Amino acid sequence: MKNVILLLFLISPLNAYSSDTDNQYKELIEELRCMVCQNQNLAESEAPLAVDMKQKIREMLEAGKDKNEIKQFLSERYSSYILYEPPINKQNFILWFAPFIFIIVLSFVLLRRYIK
Amino acid sequence: MIIDIGFIGYFLLLLGLMNCLFLLTPKFVTGLNISNSILLSASRLHFPILFISFICLVITFIGEDYSLDYVAKNSNSNLPLIYKISAAWAGHEGSMLLWCVVSSFWMLLASKYSSDLPETLRTNFLTIMGVLNLGFLLFVVATSNPFARNLSVPIDGGDLNPLLQDFGLIIHPPMLYMGYVGLSVVFSFAVACCFEKEFKKEWAQWLRPWVLASWAFLTLGISLGSWWAYYELGWGGWWFWDPVENASFMPWLMATALIHSVIASGEKGMFKSWTILLSIFTFSLSLLGTFLVRSGILISVHSFASDPSRGIFILLMLLMLIGGGLAAYTMNSKKFIDDNEVKIFSKEGFFLLNNILLVTATFTILLGTMYPLILDILGLEKISVGVPYYNAVFIPLMIPLILLVGYVPILLSRISKNKQMFQLLIIFLTSLVLSLLFSINSILYFIGFFSAVWIIMNIFFDLFLYTKNLVRLKSRMGMYFAHFGLAIFILGASISENTKIEKELVLSIGETTSIGSFDYTLNKLEEQKSVNYDAIIASVLVSKNDSFVAEIKPEKRLYHSSESAMTEAGIFAKLDRDLYVSLGNMIDDNKWSLRVYDKPFIRFIWIGTIFMIIGSILSIRLRKKFNE
């Protein structure tokens, strides 16, 4: 345990190596799907299409577009299948809100049955 | 005379099928007065029969018997011996046979260690296990026979997928299957209890080690899979929320919930009906996972539709088991009457919260995995559900759970309320100060760090200051280890995810670049020939402040038979930091693209799981002695 705590003291704070654009780029390519791979994001993929798209994303960022604009642009072009974060719309309503309903119903059923 | 091993293997497979039917006769043919001995001997004979059949399959691989279709497709004469052996369970058919072998092994254990149970309960329990074994075996014989013949015999085989030519992947499937199928013991027992219309405390205690053992194997299997993905896929990730990963994670979460509820059932006779229901669902999720992975439905709905026989078989079996299990449950659920009432502010009350959170978490993963499939089947717009969804839905459920993990041991220590509050305050403040010191760059990071320190501090307070009772300490040792493992895992995940440095760059030979606090020099590239692949090995020298730290050797391999290029990452691993380099493409004669990852404390992720496994073993061993 001592060692673990000692180790904790050794962690160096995050280096301020990356610019804002760099960070945005990284976040983006991790949240976008490679359209020709099995189930990989753009960051991991080295498929030619993915490389092109990464280039395009970098250019758009450098041209001053922000994350949402780029996502918007890409999902219009390739359908929202490209987004790993499904948009909250009518079709995906259950996906986003069923967990809340589930936990409320489950809690109600279990607590009512067991807690006196 | 040439002995046809493949034929013997197939014969044994059919013999296993007969044995399963034999096992079921006592239940359905009345008037046999030797029924119990038939049941017992058949349930124990099943494992040796299938195991030898499986050995036959391995021998056909070693002997390169390409007259068997499965061998021809999954092996190659140039494969090293170890991978020829492991290729036996790398493809669909062989891995399903392995599943049956594992299942028969659990039945052997169940038959051997159930002599203390009442006669009818034991008979029903083993009969249900027999039905499951029969179902699995029918699936193999009818849709996935590894001993099926080729019409024309190829001179050389296909190949084992190069990604699978790796030690981690040799032992990953058997471990995972031990976990998945171990849960069939739990399922069978739960359904047998439904027939008894009772779930006694002793029965819950009997069931507990089986849940723990399955859980330990699942933990090991998932952990190996994640470790393999980390070093083999070349992008340094350890979890992607891929449907295949989710398929194993769902039963794991459910089994975690079950471990807690079965304690309450065993110690105080509480949550009887809930524990039974949870047992049924946990194994159902194992089967659902198998269906998703094995039917090909994950790759695309169309690939499933083109050869649906396997998928439909598993789906039918799934529906029959869940349907049968739930029917047995609903008919009798009213008859499970708890021995004690639950107070909200007690261990059991918190177990209930634990269960609510874990089951909801499982539900969200199920939803995220199935939703795109359902949309696709309905012909609606295809969507992807990935990391951002799970971060948004899964993590908020885990935070209260993790805070509970830390808090409950204090609650249970028999000290005055004032002292408890004081102790809690100290732990809270220390965790807060420590996490503020080290994790200031994101809220998620802060929460992860805080909860890990919170759990660890609580365990140590509990361990050193308040537990003087050796018997009690022993009985809780497993819990301490498992919870400590969870904390170590969270620590590794939060530190590595939030302070990692990832760079893609292009270096010419001799060029140096500085990333984080290290300098990386592309030193040279070498070609190397191996038995079944050619490799290009890069040498990357790492230094810090001009002093040498390590030489990292990432590889690019070209496998002869499949002509596919594979990346082998080079990793310089220390307890507190991984330096990870993977070789990209050649840009021109002496320029290469590289991925360089600096991942502090990522080892803690897998070290944490080792502690969890030790915890469950201790929990099986020590609690047993405690009971005696």
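## Section: the overall build of chain B
- Looking only at helices and strands, one finds 18 helices and 10 strands in chain B.
- Over its C-alpha atoms chain B spans a radius of gyration of 26 Å, differing by no more than 12% from the 25 Å that the globule rule assigns to 628 residues.
- Long-range contacts, defined here as pairs at least 24 residues apart, represent 72% of the contacts in chain B between residues at least 6 apart.
- Summed over all atoms, the accessible surface of chain B reaches about 25,200 Å², with 67% contributed by carbon and sulfur.
- In chain B, 45 positive and 44 negative side-chain charges are present, and the distance between their average locations comes to 13 Å.

## Let's talk about empty space enclosed by the protein
All names here are of chain B.
- One pass over the full model with this rule turns up 1 cavity of 30 Å³ or more.
- Estimates place the volume of the largest cavity at around 100 Å³.
- Surrounding the largest cavity, Met 96, Trp 99, Phe 136, Phe 139, Leu 287, Thr 290, Phe 313, Ile 314 and Met 317 form its lining.
- Listing elements by their share of the lining of the largest cavity, those giving two or more residues are α5 (92–112), α6 (119–143), α10 (272–294) and α12 (309–332).
- For the lining of the largest cavity, the element with the most residues is α12, which contributes 3 residues.
- A breakdown of the residues in the lining of the largest cavity according to their chemical character gives 8 nonpolar, 1 polar and no charged.

## Notes on the domain arrangement of chain A
- For chain A, the assigned domains are domain 1 (17–85) and domain 2 (87–116).
- For domain 1 of chain A and domain 2 of chain A, the distance between their C-alpha centres works out to 33 Å.

## What about unusual backbone geometry?
- Positive phi is not limited to glycine here, since Ser 79 of chain A has a value of about 75°.
- Secondary-structure assignment places Ser 79 of chain A in the loop between α4 (67–78) and α5 (93–114).
- Residue Ser 79 of chain A is classed as partly exposed on the basis of its relative accessible area, which comes to 28%.
- The phi torsion at Asn 545 of chain B lies on the positive side, around 50°, for a residue other than glycine.

## A few points about the pattern of salt bridges
Residues and elements named next belong to chain A.
- Tallying each qualifying case throughout the model produces 25 salt bridges over all chains.
- Here Lys 71 ties to Glu 85 by a salt bridge, and the two come within 3.9 Å at their closest N and O atoms. Here the residue Lys 71 occupies a position in helix α4, and Glu 85 occupies one in the loop between α4 and α5, the gap between them amounting to 14 residues.
- For Lys 71, a relative accessible area of 14% gives the class buried.

## Remarks on the state of the cysteines
- Here the structure, examined in full by the defined rule, presents 1 disulfide over all chains.
- There is a disulfide in this structure between Cys 34 of chain A and Cys 37 of chain A, and the S-S distance comes to 2.2 Å. Its torsion about the S-S bond being 65°, the disulfide of Cys 34 of chain A and Cys 37 of chain A is classed as right-handed.
- In this structure Cys 20 of chain B is not part of a disulfide, and its nearest cysteine sulfur, from Cys 100 of chain B, lies 8.5 Å away.
- The class for Cys 20 of chain B is buried, based on a relative accessible area of 0%.

## Regarding helix α13 (residues 347–377) of chain B
All names here are of chain B.
- Compared with an ideal rise of 1.5 Å per residue, which puts 31 residues at 45 Å, α13 spans 44 Å between its outermost C-alpha atoms and is within 8% of the ideal.
- A bend of about 35° at Met 370 is the largest found in α13, and the proline Pro 372 appears one to four places after it.
- Most of α13 is tucked away: 23 of the 31 residues are buried.
- Positive backbone phi, approximately 75°, marks Gly 379, located one or two places after α13.

## What about the interface of chain A and chain B?
- At the interface, 49 residues of chain A touch 67 residues of chain B.
- Buried surface at the junction of chain A and chain B, summed over both partners, amounts to about 5,000 Å²; 66% is from carbon and sulfur atoms.
- Linking chain A with chain B are 3 salt bridges.
- Remark: the boundary between chain A and chain B carries 14 residue pairs in polar contact (both at pLDDT 80 or more).
- When residues of the side of chain A that touches chain B are traced back to their parent elements, those giving at least two are α1 (2–10), α2 (20–31) and α5 of chain A.
- If you tally residues by element for the side of chain A that touches chain B, the top one is α5 of chain A, at 14 residues.
- Grouping the constituent residues of the side of chain A that touches chain B by class yields 26 nonpolar, 12 polar and 11 charged.

## So, the packing of α5 of chain B against α6 of chain B
Residues and elements named next belong to chain B.
- Where α5 contacts α6, the two axes come as close as 9 Å, and the packing angle between them is 170°. In terms of axis orientation, α5 runs roughly antiparallel to α6. Across the interface between the two elements, His 92, Met 96, Leu 97, Trp 99, Cys 100, Ser 103, Ser 104, Met 107, Ala 110 and Ser 111 from α5 touch Arg 122, Phe 125, Leu 126, Met 129, Gly 130, Asn 133, Phe 136, Leu 137, Phe 139 and Val 140 from α6.
- For the contact of α5 with α6, the class distribution of residues is 13 nonpolar, 6 polar and 1 charged.

## Side note on the nonpolar core
- In this structure, Phe 125, Phe 189, Phe 199, Phe 271, Trp 274, Ile 276 and Phe 394 of chain B are the most contacted members of the largest nonpolar core, which totals 177 residues.
- The residues touching Phe 271 of chain B, leaving out its near neighbours within four places in the chain, are Tyr 114 of chain A together with Ser 261, Ala 264, Ser 265, Asp 338, Val 342, Glu 348, Phe 351 and Leu 352 of chain B.

## Side note on the environment of Val 101 of chain B
- Turning to its location among the elements, Val 101 of chain B is positioned in helix α5.
- By relative accessible area, Val 101 of chain B is classed as buried at 6%.

## Details of a nonpolar patch on the surface
- Taken together, Ile 88, Phe 93, Ile 94, Phe 97, Phe 100, Ile 101, Val 105, Phe 108 and Val 109 of chain A make up a surface patch of nonpolar side chains, about 920 Å² in accessible area.
- As for its placement among the helices and strands, Ile 94 of chain A is situated in helix α5.

## Describing the side chain of Ser 284 of chain B
Residue and element names in this part refer to chain B.
- In this structure, Ser 284 sits in helix α10.
- At 2.7 Å, the side chain of Ser 284 forms a polar contact with the backbone oxygen of Ile 280.
- Sequence-distant contacts of Ser 284, that is, excluding residues within four places in its chain, are made with Leu 318 and Ile 322.

Basis of the calculations
Residues numbered from 1 in each chain as written. Chains lettered and ligands numbered in written order. Predicted model: local features only at pLDDT ≥ 70, side-chain atom pairs only at ≥ 80, totals over all residues. Heavy atoms only, no water. Helix = DSSP H or I, 4+ residues; strand = E, 2+ residues; numbered from the N terminus. Rg over C-alpha atoms; globule rule 2.2 N^0.38 Å. Contact = heavy atoms within 4.5 Å. Areas by Shrake-Rupley, 256 points an atom, 1.4 Å probe, with all protein chains shown as cover. Lys, Arg positive; Asp, Glu negative; His and termini not counted. Charge placed at Lys NZ, Arg CZ, Asp CG, Glu CD. 1 Å grid on protein atoms, 1.4 Å probe; cavity = no way out; pocket = protein on both sides within 12 Å on 5 of 7 lines; lining within 4 Å. Points joined across faces, edges and corners; volume = space filled by probe spheres on them. Nonpolar A, V, L, I, M, F, W, Y, C, P; charged D, E, K, R; others polar. Domains from an automatic or database assignment. Buried < 20%, exposed > 50% of the residue type's maximum accessible area, 1.4 Å probe, protein only. Salt bridge = Lys/Arg side-chain N within 4 Å of Asp/Glu carboxyl O. Disulfide = S-S within 2.5 Å. Expected span 1.5 Å × (residues − 1). Bend = angle between axes of the 7 residues up to and from the residue. Buried area = accessible area lost by both parts, 1.4 Å probe. Polar contact = N/O pair within 3.5 Å; in protein donor to acceptor, adjacent residues only side chain to side chain. Axes fitted to C-alpha atoms, helices over the stretch in contact; angles between N-to-C directions. Parallel < 35°, antiparallel > 145°, perpendicular 65-115°, else oblique. Core = buried A, V, L, I, M, F, W, Y, C linked by side-chain atoms within 4.5 Å. Patch = residues over 30% accessible without salt bridge, like charges linked within 9 Å, V, L, I, M, F, W, Y side chains within 5 Å.

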